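In case you want the letters, here they are:
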Amino acid sequence: MGTIDLGQLVADIVKTWDGVNVRPYRCGGVEFRFDHREIGHVHVNGVADLLMPVRLRRDLVAAGRAEPHRTQPHSGWISFRMRSEHDLPAAVELFRLNYERLRGVMRPRSVTSIVTNPIMLADRTADDMPA
């Protein structure tokens, strides 16, 4: 049985969004861009990195929906570790959030509604796969 390419599964969804370009990421994996701006990228190990406004990054991390970026923890960068296909909806929701923000069509909603979105509330503690 082969290994599932989580980055490709995310790419198969995100590339269908209007104006999104998918290309290889310079450090391995895939990168998603809208209007020459990076939405985010997925490394070959299944870690998704996205640049958010610092306030939103802080709230997503505080709510457990993302982790601080491993090399830039005090920036707007967040990381989301996909351990299995079960993490795909939450990862795609983060990419959708950033895509809408970059397009300037983000639906009016509070940060609280974003971080408490049921899609992002998957019970990751039940995941027995290593981090």
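Coordinates for the structure precede this section.
Thresholds applied
- Residues numbered from 1 in each chain as written.
- Predicted model: local features only at pLDDT ≥ 70, side-chain atom pairs only at ≥ 80, totals over all residues.
- Heavy atoms only, no water.
- Pairing = 2+ DSSP bridges.
- Helix = DSSP H or I, 4+ residues; strand = E, 2+ residues; numbered from the N terminus.
- Contact = heavy atoms within 4.5 Å.
- Axes fitted to C-alpha atoms, helices over the stretch in contact; angles between N-to-C directions.

Novice: Please provide a residue-by-residue account of the sheet that holds strand S3 (residues 37-42), values included.
Specialist: What the 6 strands build is an open sheet, ordered S1-S2-S3-S4-S6-S5; its pairing is antiparallel. On the outer flanks of this sheet lie strand S1 (20-24) and strand S5 (67-68), each paired with one strand and no other. Where S5 and strand S6 (residues 77-81) come together, 2 bridges link them in antiparallel fashion. Pairing of Glu67 across the sheet is with Ser79, part of S6. Across the sheet, helix H1 (residues 6-14) is in contact with S1, strand S2 (30-34) and S3; its angle to S2 comes to roughly 20°. Lying on the sheet, helix H3 (residues 88-103) is in contact with S1, S2, S3, strand S4 (47-51) and S6; it crosses S3 at an angle near 170°.

Novice: Before we move on, can you summarise unusual backbone geometry with the specific residues and values?
Specialist: Positive phi, close to 50°, is recorded for Asp35, a residue that is not glycine. Residue position: Asp35 is located in the loop between S2 and S3. The phi torsion at His36 lies on the positive side, around 70°, for a residue other than glycine. Mapped onto the secondary structure, His36 falls in the loop between S2 and S3.

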